[in-house]
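The lines below spell out each chain.
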Amino acid sequence: MRYINHILLTFLFCVFTSCTDKSTTSWINDIPDENIRNLSFQEMGIKPLVGKPYQIEVAGDLLAVADDIDGKALLLYNLKDASYVRTLHIGQGPEEVITPIEIIMTNNDSTLHVFQRRSGKYRKYNLIDLFTGRVHAKNEISLEGADRFTTLMDGYASLGFYEKGVLATFNDYGKIIRYTDLYPDIPIENIGSKYKMQQGRLAFNELTDYLMYAPSFASYILFYQRDKEGNWTKQSSFRVGDERLEQKTKKKDMVLRNDDIQNCIDACSTSRYFYVLYSGNNLGKTEMPKERYIIRFTSNGRFDRLYKINSTVKNICVTEDDSGIFALMIGKDNEYAIGKDYL
């Protein structure tokens, strides 16, 4: 009997350790201490920040905050003199936008890229014009089926509802030129189920032509580069999950439950690095982590550094020279605030 009990205990121990080896944050244990650093975001006294902002971007001295205040979808804030303007009327008129929006700001050409997630419409605006009250889009195209997007040198990439793979590449005129299946070994017939399980964020680096996919629930951050024919080929991956989502989808289980883990909740890039905001909480929010993490990769997809941060951070952006980082977070007054630290 003792022998049997010993065998049983040994078996249970092996099962337990095999599970914990792939726990939701076990990947952090593989990172050397010299590659880990703490960030302490200091709240900035930005008076016009109210409501529930959901995205932040920076370009030069301008911060852009996506929110929904007084019928406007965007706050532009000058870091130098604290001047600001609310812009982009919410509505369905010719110069209005439907929220939520996803934004990208480029400093080199003073451009704000705005994608309307519900309608699929994409527009470009001149930042100086917007700040001085002249709201007129440079152009407008439709990114069919898209829910998340990023700009490329010669078009756009999006994650969305597509039969041939959730990643689509568009040319400058909004025509889909190719699809990419992120998980070819996990066939999912239903478009809605495929996107639900494989949704995430995208970021692109123009210098290396690398595209990063940061998954909301899947287990691996993926890096792609285009070949001579323009097809995205996977170059590397980085594990942030325990593969529970991949296992359930192989079993045709397409339901997200309270114990499923939310992995990547934001992503951005500069000319030198990719940044991913990792959450780690379960969807039921019964086990909230004490801290969140920012994972930094080089421009060609190699892990570089891990930052431990405040557990309330929900969105980040980084200055083009990689010296400063801003975060949307819950502040001391239990209201949304913008925090800043130095990298």
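Report follows, based on the coordinates. For clarity, every value in this text was computed on a predicted model and none was experimentally measured.

Some words on the overall build of the protein chain
Here is step 1: Secondary structure assignment for the protein chain yields 4 helices and 25 strands.
Here is step 2: Rg of the C-alpha trace for the protein chain: 21 Å, near the compact-globule value of 20 Å for 343 residues, within the 12% margin.
Here is step 3: Expressed along its principal axes, the backbone C-alpha trace of the protein chain runs to roughly 80 × 45 × 35 Å.
Here is step 4: A total of 343 residues make up the protein chain; the buried ones form 51% of that total.
Here is step 5: In the protein chain, of all internal contacts separated by at least 6 residues, the share reaching a separation of at least 24 is 46%.
Here is step 6: About 16,800 Å² of surface is accessible on the protein chain, with carbon and sulfur atoms providing 48% of the total.

Details of the environment of Tyr173
Here is step 1: Assignment of secondary structure puts Tyr173 in the loop between strand E13 (167–170) and strand E14 (176–180).
Here is step 2: When its relative accessible area of 74% is taken as the criterion, Tyr173 is described as exposed.

A closer look at the pairing of strand E16 (residues 210–215)
Here is step 1: The element E16 is largely enclosed, with a buried count of 6 among its 6 residues.
Here is step 2: Where burial is concerned, the two faces of E16 agree: the one with Tyr210, Met212 and Ala214 and the one with Leu211, Tyr213 and Pro215 are both buried.
Here is step 3: One ladder, built from 6 bridges, connects strand E15 (residues 200–205) with E16; its direction is antiparallel. Across the sheet, residue Arg201 finds its bridge partner in E16, namely Ala214.
Here is step 4: The antiparallel pairing of E15 with E16 creates a hairpin that spans 4 residues between the two strands, and Asp209 there sits at a positive phi of about 60°.

Focus on the nonpolar core
Here is step 1: Leu159, Leu167, Leu182, Leu211 and Tyr213 are the most contacted members of the largest nonpolar core, which has 22 residues in total.
Here is step 2: Broken down by secondary-structure element, the contributors of at least two residues to this core are strand E12 (155–160), helix H3 (191–198), E15, E16 and strand E17 (220–226).
Here is step 3: Contact partners of Leu211, with chain neighbours within four places excluded, come to Thr150, Leu152, Ala157, Leu167, Leu202, Ala203, Phe204, Leu222, Phe223, Tyr224 and Trp232.

Details of the pattern of salt bridges
Here is step 1: Enumeration over the complete set of coordinates arrives at 12 salt bridges.
Here is step 2: The partner of Arg123 in a salt bridge is Glu140, and the shortest N-O contact between them spans 2.5 Å. Taken together, the residues span a long stretch of sequence, with Arg123 in strand E9 (residues 121–126) and Glu140 in strand E10 (residues 139–142) at a distance of 17 residues.
Here is step 3: Arg296 is paired through a salt bridge with Asp304; the nearest N and O atoms lie 2.8 Å apart.

Describing the sheet that holds E9
Here is step 1: Pairing within the open sheet is antiparallel, and its 4 strands lie in the order E7-E8-E9-E10. Two strands close off the open sheet at either side, each with one partner strand: strand E7 (101–106) and E10. The sheet shows a mean angle of 20° between the axes of neighbouring strands, taken without regard to direction.
Here is step 2: Summarising the sheet, E9 and E10 pair through 4 bridges and their orientation is antiparallel. Paired with Tyr122 across the strands is Ile141, a residue of E10.

Things to note about unusual backbone geometry
Here is step 1: Put simply, Thr99 and Pro100 share a cis peptide bond, and its omega is 5°.
Here is step 2: Along the chain, Pro100 falls in the loop between strand E6 (84–89) and E7.
Here is step 3: Its identity as a non-glycine residue notwithstanding, Asp70 has a phi of 55°, on the positive side.
Here is step 4: The backbone of Asp322 sits at a positive phi, close to 60°, despite the residue not being glycine.
Here is step 5: Mapped onto the fold, Asp322 is located in the loop between strand E23 (315–318) and strand E24 (324–330).

A closer look at the environment of Leu75
Here is step 1: Here Leu75 shows up in strand E5 (residues 72–78).
Here is step 2: Separated by 22 residues in the primary sequence, Leu75 and Pro53 have C-alpha atoms spaced 9.4 Å apart.
Here is step 3: Once you skip the residues sitting within four places of it in the chain, Leu75 turns out to touch Pro48, Leu63, Ala64, Val65, Asp67, Tyr84, Val85 and Arg86.

About the thresholds
Residues numbered from 1 in each chain as written. Predicted model: local features only at pLDDT ≥ 70, side-chain atom pairs only at ≥ 80, totals over all residues. Heavy atoms only, no water. Helix = DSSP H or I, 4+ residues; strand = E, 2+ residues; numbered from the N terminus. Rg over C-alpha atoms; globule rule 2.2 N^0.38 Å. Buried < 20%, exposed > 50% of the residue type's maximum accessible area, 1.4 Å probe, protein only. Contact = heavy atoms within 4.5 Å. Areas by Shrake-Rupley, 256 points an atom, 1.4 Å probe, with all protein chains shown as cover. Pairing = 2+ DSSP bridges. Core = buried A, V, L, I, M, F, W, Y, C linked by side-chain atoms within 4.5 Å. Salt bridge = Lys/Arg side-chain N within 4 Å of Asp/Glu carboxyl O. Axes fitted to C-alpha atoms, helices over the stretch in contact; angles between N-to-C directions.

Taken by themselves, the reported measurements are silent on function.
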